[in-house]
Structures are given as structure tokens and as C-alpha cells.
Amino acid sequence: AAHWEEAVVTVSAGEKHKLYYDYSGFPPETYHYKYPAPGHPSVAHEVVRLLKNAGIESRINLQRGWDHGVFVPMMCMFPEAEVPIV
């Protein structure tokens, strides 16, 4: 499961993201995974706009990277890293 929690719904709007290796006890190579999928800032901003229009408090985050709850499933589903993530 992903481990990023915020007080309000927060959408990642960065164009690129670093990976957080927020686990321990795994083989050394798992701490060197790369997953260069792009972000999609315009989609992220549209998501926040739609949420706010629905009365759901939300905001943008430009800095947060992806923890293993994001990049590991995406690596399995889309190994070419061509699908943007918000």
C-alpha cells in the first residue's frame, strides 16, 4: 500500500519524481530500481479542479516522490514507464 497521507486529498503534479525506497530487508538491487514515468501536471490540476467543484477539498503537491506503493505496481503493469502518474 502507498504510504503518503495528507489531511486533504493531495494530487501529485510534478513532471518528474524521485523514488522513495521506504522498505527494508529486501535484496540490494531493489534499492536501485528506476522508474522514469512522467507526471502529468495539466491532468493533476484538472483532477483538483473537478474535486473542488464536487465540494472535495484538495490541493496540488509538486515535490512528493513515489513510494513503493506507487512505483512497484506501476513497474509490473507498465514496465516501459510510458504511462503518466498523478
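What counts, and where the lines are drawn
- Residues numbered from 1 in each chain as written.
- Predicted model: local features only at pLDDT ≥ 70, side-chain atom pairs only at ≥ 80, totals over all residues.
- Heavy atoms only, no water.
- Helix = DSSP H or I, 4+ residues; strand = E, 2+ residues; numbered from the N terminus.
- Expected span 1.5 Å × (residues − 1).
- Contact = heavy atoms within 4.5 Å.
- Phe/Tyr/Trp six-rings, centres within 6.5 Å; stacked < 30°, edge-to-face > 60°.
- Buried < 20%, exposed > 50% of the residue type's maximum accessible area, 1.4 Å probe, protein only.

Engineer: A description of helix H1 (residues 41–53) should follow, citing residues and the corresponding values.
Structural biologist: With 13 residues, H1 should cover 18 Å at 1.5 Å per step; its first-to-last C-alpha distance of 18 Å lies within 8% of that length. Gly 55 sits one or two residues past H1 and shows a positive phi near 85°.

Engineer: Can you explain the environment of Ile 60? Please cite residues and give values.
Structural biologist: By the secondary structure assignment, Ile 60 is in strand E2 (residues 58–61). For Ile 60 and His 40, which are 20 residues apart along the polypeptide, the C-alpha to C-alpha distance reads 12 Å. Excluding its chain neighbours within four sequence positions, the residues that come into contact with Ile 60 are Thr 10, Val 11, Ala 13, Ala 44, His 45 and Val 48.

Engineer: Which residues make up the packing of aromatic side chains, and what values do they have?
Structural biologist: Remark: the centre distance and the inter-plane angle together describe each pair of aromatic rings, the angle taken between the planes. Tallying each qualifying case throughout the model produces four aromatic pairs. Measuring from ring centre to ring centre gives 5.9 Å for Tyr 21 and Phe 71, while their planes differ by 70°; the resulting arrangement is edge-to-face. In this pair, Tyr 21 sits in the loop between strand E1 (9–12) and H1 while Phe 71 sits in helix H2 (residues 68–77), placing the two residues 50 residues apart along the sequence. With a centroid separation of 5.0 Å and an interplanar angle of 45°, the aromatic rings of Tyr 23 and Tyr 31 are classed as tilted. Note on Tyr 23: relative accessible area 15%, which makes it buried. Of the residues examined, Tyr 31 reaches a relative accessible area of 25% and is grouped as partly exposed.

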